[in-house]
Amino acid sequence: MTSKAEFEEVKKFEKDLGQCMKCGFCTFWCPVYQEERIESSVARGKNMMVRALLAGDLEYTKEYAERLNKCTLCMTCTANCPAKANIPNIIVAARADKVKAKGVAFPYNIVYRWLLPRRKLFGNVVRFASWFQGIFLPKTQGTIRHLSMFLSALGKGRYIPQIAPRFLRQMVPMVNKPTVANETGIRVGYFTGCMTDFVFPEVGKKVINFLTRHGVEVVVPREQGCCGAPVFLGAGDLATGRKMADTNVKAFADFDYVVADCATCSSAMKDYVKFLADTPERQEAYTKFAGKIKDITEFLVDVLKLPPSAYRAVPEAKGKKVTWHDPCHLNRHMGITRQPREILKSIPDIEYVEMPNADRCCGMAGSFSIYFYDVSQKIADKKMAGIDATGADIVVTDCPGCEFQLIDTTMRHDSPVKVMHIMELLE
Amino acid sequence: MLRPEIITQLQEIVGKPAVLTAKEDLTSYSYDGTATWAHLPDVVVLPTTAEQISRTLKLANENRIPVTPRGAGINVSGGSIPIKGGIVLCTTRMNRILEISKGNMVATVEPGVVLQDFNLALAKEGLFYPPDPQSFLGCTMGGTVAENAGGPYCVKYGVTKQYVVGLEVVLASGHIMKLGGVTVKNRTGYELMMLFTGSEGTLGVITKITVRLIPLPKASKTMMAIFDDMVAGGQAVSNILAAGVVPAKVEFVDNFVIRRIEEMTPMGLPVDANCLILLQTDGSPAAVEAEYVQIVDILKESGAREVKVAKDADEAMAYWKMRSAGFAAVFGAAKTVMAEDVAVPRDKLAEFIKKLGEISERTGFFIQYLGHAGDGNLHPAIFTDINNKEEFARAEKAMEEIFEAALSLGGVLSGEHGIGLEKKRFFSRAMDPVALELMKQIKKMVDPNNILNPGKIWEEEGA
Ligand SMILES: Cc1cc2nc3c(=O)[nH]c(=O)nc-3n(C[C@H](O)[C@H](O)[C@H](O)COP(=O)(O)OP(=O)(O)OC[C@H]3O[C@@H](n4cnc5c(N)ncnc54)[C@H](O)[C@@H]3O)c2cc1C
């Protein structure tokens with residue numbers, strides 16, 4: 001009944017599948033297990049379910065999908081695995097196999113298959129939602145409101161930032177020339193990502209501004225789209241993911257560097273080659289593309305090699321205590337931990353404090369937090385305890401997804417701590 | 001399959017979300033840390049109080065439903081596998097540390113507390129609980145008591161049973177029983193606590209544990225001795241102990257693991273060495289200084305090619321991390337890894353190692369081992385493939401020879417992992433028949449309907 005071809009994607013990661021020797025150490029590290037304390041939460045249990053599926057002992061059921069989806073892909077299990085088994089690979093591949101066999105479930109099929117690949121239309125839908133949001137929903141503190149229809153699918157009553165009145169793409173030109181004389185001769189393509197584009201456009205403006213002031217030409221290709229993370233990593237829809245990947249690869253064909261301010265986008269785009277390369281051509285193109293991608297902090301520190309004096313705090317952050325949250329996609333997926341800290345420690349007008357468990361997952365993980373908001377909140381509460389322990393006024397990070405979660409969390413806790421993107425902190 | 005009304009009753013006892021019946025969930029409670037054993041339970045129950053456990057056991061007892069107690073399910077003897085189906089009673093949600101008493105130097109915990117969480121909480125108070133199974137990141141306190149676990153520190157500090165001073169146990173009848181207390185000394189009646197310590201979940205469910213503690217040692221030093229000859233390495237361990245020095249830890253790493261670790265995470269280990277012995281001394285700074293000098297001398301006299309002394313805590317940590325990665329290094333190495341847990345008297349270590357070499361030659365199987373040399377507790381492993389029936393049968397034979405060799409030297413079948421399913425076919429051979437009969441009678445009396453972890457430790461009659 002279940003032909004072997006159904007497990008094509010998982011079979012690509014057979015080594016990881018077999019590598020787990022069930023020592024259960026992942027239970028100590030897994031943020032989901034730590035909240036639920038049941039075996040299906042953790043890497044070992046999920047891997048064993050996939051093995052059982054391959055052996056014909058389990059079927060594609062609702063329960064199977066739910067357990068497979070209940071993972072933030074934070075990679076903490078892999079980072080601490082004595083056998084170095086990468087179970088998140090298995091989880092993504094197993095999601096993909098299921099989509100191949102059973103199709104994508106609602107509402108994924110509408111949003112992910114149809115809307116996300118169409119950037120302009122997506123923008124309009126978000127715009128529509130933001131218009132409704134203004135009319136029907138009560139305003140809460142500051143710029144934070146309860147969510148409206150489209151995003152309420154993501155929201156379930158959480159606090160999330162308002163959709164920007166104007167999107168980044170409407171505010172900035174395609175080509176942004178350096179504004180200073182000492183040009184570096186470097187020209188980068190800026191990948192804005194959906195969140196920066198639609199929700200946090202001021203971060204995008206800051207990125208462009210900061211780079212051009214340091215002699216870099218910043219181009220924002222209009223053809224770029226969503227990175228595809230929710231589609232191929234979250235929902236396991238590789239076919240649509242491939243279309244999105246090809247769009248982005250093409251949009252940035254002319255650049256040596258693709259700079260992004262969203263850790264999730266950067267790492268997802270680096271992962272095209274691992275999950276989406278189905279032909280030798282794609283293998284080559286995605287590999288090359290992966291090499292161009294630079295997280296903004298990595299770009300500033302390792303490529304531009306800016307001196308410490310380049311970093312100063314915006315006036316409202318001066319004299320404040322600042323702490324840093326490591327996005328999983330930045331830290332464990334891309335190995336970037338030193339660069340943001342170097343930047344923060346260079347800023348003379350703030351007090352930088354390291355957070356205990358700075359590298360612990362915040363619990364956002366895109367669609368994970370839609371489906372499992374209660375677990376997501378509990379994971380975030382532990383993050384909040386870490387933030388509180390520092391006594392910081394501001395928590396900065398480098399991923400709008402994490403920002404989204406941290407804003408919700410600080411609001412839920414009535415915490416005065418301000419959440420910012422690291423670029424927003426910089427003058 | 002259990003009757004639906006049993007499930008309903010279980011849901012009434014622990015609440016609906018704490019009763020798992022989906023096949024996906026049952027699958028994830030069908031295995032433990034062993035490579036070959038698996039069996040689905042009919043239901044998984046996640047209690048949070050002793051009272052819930054009591055009611056669950058009562059229901060199971062009345063309906064003759066097998067109950068397998070489970071902590072983290074990472075034992076390596078098949079102990080937590082519900083081999084007869086029924087209920088898996090999993091304690092992972094009973095994970096509160098109830099009290100840490102600095103003045104009385106004891107702590108009381110629920111059974112689902114993870115050993116490492118306990119260690120971290122104790123360290124904050126300057127206290128130390130020495131039993132350190134190398135699965136500390138996952139194993140629960142209940143699981144370690146039920147297995148009477150030990151680890152590297154046990155050379156100097158002893159195993160779990162030396163620390164348990166009080167237990168609360170729920171019997172198959174549902175009765176909640178308190179044993180011992182919070183005093184270090186206690187001479188009232190039979191030592192029933194010890195009956196449950198190491199009972200592998202077959203006599204009762206442990207719901208509360210009080211252990212004694214010691215102060216965190218003030219200083220420590222880690223050494224790594226490199227040997228070209230394993231037998232000499234084994235002898236060196238005996239020589240150290242014979243000289244009246246008791247290191248905190250003495251661990252053994254063979255050439256296979258050295259090379260695998262260098263492949264996985266290179267750290268500059270001597271890949272040509274036949275074996276490494278890792279040692280740690282601890283105590284007051286002055287004692288540590290004196291002891292380590294003496295140990296280094298004995299190691300050199302016993303034929304160590306080189307003895308490296310970790311210059312700081314980071315280097316020491318790197319050595320010990322390497323040791324604990326040894327398990328992964330071994331288990332990733334073949335389709336099926338048969339790893340055993342024999343222990344021999346510590347002055348017979350060199351002789352045992354020699355015998356292992358002979359068995360390897362005779363059977364043609366490469367024998368890898370890694371272990372707690374200071375306790376005479378080695379984990380000889382044979383690499384095979386369970387799907388290759390002919391080879392697997394020969395591997396099992398070779399393993400039997402290893403058992404025989406250990407027993408003939410006055411050793412035991414299991415040093416720390418317990419018998420469970422994995423070693424029960426050898427059990428009667430390793431046990432005085434009168435003692436075995438007494439054990440069976442105790443089991444019958446304490447659990448007359450044989451509901452608690454049935455099918456474990458010894459072969460059933462007629463099976
Ligand atoms: C990598 C690795 C390294 C290891 N190293 C060591 C080592 O150095 N030393 C050592 O001794 N062991 C070692 N072990 C074995 C293992 O960790 C121990 O046996 C541990 O005690 C199991 O704890 P657990 O919580 O996983 O118990 P489980 O595996 O869930 O259960 C073990 C047994 O205890 C019973 N049980 C569990 N909880 C209770 C309870 N509350 N009441 C009654 N019975 C109960 C179960 O029925 C079962 O028989 C190692 C295992 C691994 C995977």
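About the criteria used
Residues numbered from 1 in each chain as written. Chains lettered and ligands numbered in written order. Predicted model: local features only at pLDDT ≥ 70, side-chain atom pairs only at ≥ 80, totals over all residues. Heavy atoms only, no water. Helix = DSSP H or I, 4+ residues; strand = E, 2+ residues; numbered from the N terminus. Buried < 20%, exposed > 50% of the residue type's maximum accessible area, 1.4 Å probe, protein only. Contact = heavy atoms within 4.5 Å. Areas by Shrake-Rupley, 256 points an atom, 1.4 Å probe, with all protein chains shown as cover. Salt bridge = Lys/Arg side-chain N within 4 Å of Asp/Glu carboxyl O. Domains from an automatic or database assignment. Buried area = accessible area lost by both parts, 1.4 Å probe. Polar contact = N/O pair within 3.5 Å; in protein donor to acceptor, adjacent residues only side chain to side chain. Nonpolar A, V, L, I, M, F, W, Y, C, P; charged D, E, K, R; others polar. Pairing = 2+ DSSP bridges. Axes fitted to C-alpha atoms, helices over the stretch in contact; angles between N-to-C directions. Near = heavy atom within 4 Å. 1 Å grid on protein atoms, 1.4 Å probe; cavity = no way out; pocket = protein on both sides within 12 Å on 5 of 7 lines; lining within 4 Å. Points joined across faces, edges and corners; volume = space filled by probe spheres on them. Parallel < 35°, antiparallel > 145°, perpendicular 65-115°, else oblique. pLDDT = per-residue confidence, 0-100. Left-handed = near helix turned anticlockwise from the far one by under 90°. Expected span 1.5 Å × (residues − 1). Arc of directions from axis to C-beta.

Asks: Outline the overall build of chain A, supporting the account with residue identities and numerical values.
Replies: Helices and strands together make up the secondary structure of chain A, namely 26 helices and eleven strands. Among the 427 residues that make up chain A, the fraction classed as buried is 63%. Pairs at least 24 apart in sequence give 78% of the contacts found in chain A among residues at least 6 apart. Within the structure as shown, chain A displays about 16,500 Å² of accessible surface, and the carbon and sulfur contribution to it stands at 55%.

Asks: Outline the pattern of salt bridges, supporting the account with residue identities and numerical values.
Replies: All names here are of chain A. Considering all chains together, one arrives at 45 salt bridges over all chains under this definition. Taking the shortest distance from any N to any O, the salt bridge between Glu-63 and Lys-62 comes out at 4.0 Å. Each of Glu-8, Glu-9, Lys-12 and Lys-100 takes part in a single network of salt bridges with overlapping partners.

Asks: Provide a residue-level description of the domain arrangement of chain B, including the pertinent values.
Replies: Think of interface size as the accessible area that goes away when the parts come together; that is how it is often given. Residue and element names in this part refer to chain B. Annotation of chain B at the domain level lists domain 1 (4-90), domain 2 (97-215), domain 3 (217-329) and domain 4 (334-420). Domain 1 and domain 2 are separated by 22 Å when their C-alpha centres are compared. Counting residues at the interface gives 15 residues for domain 1 and 16 residues for domain 2. The three residues of domain 1 that bury the most area against domain 2 are Ala-50, Leu-57 and Ile-74, which together make up 33% of that side's buried surface. In this structure, the connection of domain 1 to domain 2 is made through two residue pairs in polar contact (both at pLDDT 80 or more). In terms of residue count, the dominant contributor to the side of domain 1 that touches domain 2 is helix α3 (residues 50-62) (seven residues). Broken down by class, the residue content of the side of domain 1 that touches domain 2 amounts to seven nonpolar, six polar and two charged.

Asks: Describe the sheet that holds strand β7 (residues 293-295) of chain A, listing the residues and the values that go with them.
Replies: All names here are of chain A. Taken together, the five strands give an open sheet; going across it, the order is β3-β5-β4-β6-β7, and neighbouring strands pair in mixed fashion. If you trace the sheet from one side to the other, it starts and ends with β3 (175-176) and β7, each paired once. Note: strand β6 (residues 257-260) against β7, three bridges, orientation parallel. Looking across to β7, one finds that Val-258 is bridged to Ile-293. Helix α14 (residues 201-213) rests against β3, β4 (186-191), β5 (216-219) and β6 of the sheet, and its axis sits at about 150° to β5.

Asks: An account of the site of the ligand is needed here, citing residue identities and associated values.
Replies: Neighbouring the ligand are 36 residues; Pro-69, Gly-71, Ser-135, Thr-140 and Gly-150 of chain B lie closest to it. Surrounding the ligand is a set of residues that belongs to chains A and B. Contacts to the ligand include Ser-135 of chain B, whose side-chain N or O atom sits 2.4 Å from an oxygen atom. Ile-206 of chain B has a polar backbone atom sitting 2.8 Å from a nitrogen atom of the ligand. For the ligand, whose free accessible area comes to 980 Å², the fraction covered by protein is 99%. Counting residues per element, the ones that place at least two in the shell around the ligand are β3 (67-70), α5 (141-147) and β10 (205-212) of chain B.

Asks: Can you lay out the side chain of Asp-349 of chain A for me, pointing to particular residues and giving the numbers?
Replies: Residues and elements named next belong to chain A. By the secondary structure assignment, Asp-349 is in the loop between α22 (338-346) and β9 (351-353). By relative accessible area, Asp-349 is classed as buried at 17%. The contacts of Asp-349, once residues within four sequence positions are left out, are Arg-312, Ala-313, Ala-317, Lys-318, Gly-319 and Lys-320.

Asks: Can you tell me about the domain arrangement of chain A, naming the residues and giving the values?
Replies: Residue and element names in this part refer to chain A. For chain A, the assigned domains are domain 1 (4-102) and domain 2 (310-425). The C-alpha centroid of domain 2 is placed 28 Å from the C-alpha centroid of domain 1. Contacts between the two partners involve 15 residues from domain 1, matched on the other side by twelve residues from domain 2. Buried area between domain 1 and domain 2, both sides added, is near 1,200 Å², and the carbon and sulfur share of it is 70%. For the pair domain 1 and domain 2, the number of links is one salt bridge. Put simply, domain 1 and domain 2 have four residue pairs in polar contact (both at pLDDT 80 or more) between them. Breaking the side of domain 1 that touches domain 2 down by element, the ones donating at least two residues are α4 (31-36), α6 (62-69) and α7 (76-79). Considering every element that reaches the side of domain 1 that touches domain 2, the biggest residue donor is α4, with five residues.

Asks: Now, about the layout of surface pockets: what can you tell me, with residues and values included?
Replies: Residues and elements named next belong to chain B. Considered as a void within the structure, the largest pocket measures approximately 1,600 Å³ in volume. If you list the elements that add at least two residues to the lining of the largest pocket, you get α4 (115-124), β7 (127-128), β12 (219-227), α9 (255-264), β14 (275-283) and α11 (313-331). Looking at which element gives the most residues to the lining of the largest pocket, the answer is α11, with nine residues. Residue classes in the lining of the largest pocket are distributed as 31 nonpolar, nine polar and eight charged.

Asks: Tell me about the packing of helix α20 (residues 296-303) of chain A against α22 of chain A, residues and numbers included.
Replies: All names here are of chain A. For the pair α20 and α22, interaxial distance at closest approach is 8 Å and the crossing angle is 75°. The pairing of α20 with α22 is recorded here as roughly perpendicular in orientation. For the pair formed by α20 and α22, the contact residues are Thr-297, Glu-298, Leu-300, Val-301 and Asp-302 on the first element and Arg-338, Gln-339, Pro-340, Glu-342 and Ile-343 on the second. When the residues that make up the contact of α20 with α22 are grouped by side-chain class, the tally is four nonpolar, two polar and four charged.

Asks: Lay out the confidence of the model for chain B in plain terms, naming residues and giving numbers.
Replies: Here chain B averages 95 in pLDDT, and 100% of its residues register 70 or above. In the model output, the complex is listed with pTM 0.93 alongside ipTM 0.94.

Asks: Any details on the interface of chain A and chain B? Residues and values, ideally.
Replies: Taken together, the contact between chain A and chain B spans 29 residues of the former and 35 residues of the latter. Summing both partners gives a buried area of about 2,500 Å² for chain A against chain B, and 59% of it is carried by carbon and sulfur. Our enumeration of links across chain A and chain B arrives at two salt bridges. The salt bridge involving Glu-39 of chain A is made with Arg-70 of chain B; its shortest N-O contact spans 3.1 Å. At the surface where chain A touches chain B, the tally comes to 13 residue pairs in polar contact (both at pLDDT 80 or more).

Asks: Hey, could you go over the packing of helix α8 (residues 230-242) of chain B against helix α10 (residues 285-301) of chain B for me, with residue numbers and the actual values?
Replies: All names here are of chain B. Two numbers describe how α8 lies on α10: the axes approach to 9 Å, and their chain directions differ by 140°. On the basis of their axis angle, the class for α8 and α10 is oblique. Considering only the axes of α8 and α10, their crossing is right-handed. Residue-level contacts link Ala-236, Asn-239 and Ile-240 of α8 to Ile-295, Ile-298 and Leu-299 of α10.

Asks: So, α10 of chain B: which residues are in play, and what are the values?
Replies: All names here are of chain B. With 17 residues, α10 extends 25 Å between its outermost C-alpha atoms, agreeing within 8% with the 24 Å of an ideal straight helix rising 1.5 Å per residue. Looking at α10, one finds that the buried residues are Val-288, Glu-291, Tyr-292, Ile-295, Val-296, Ile-298 and Leu-299. The buried residues of α10 occupy an angular sector of 165° when the element is viewed end-on, so they sit on one face. Opposite the packed face of α10, turned more than 90 degrees from it, sit the exposed residues Ala-286, Ala-290 and Glu-301. Among the structural elements, β12, α8, β14 and β15 (306-309) are those in contact with the buried residues of α10. Positive phi shows up at Gly-303, right after α10, with a value of about 105°.

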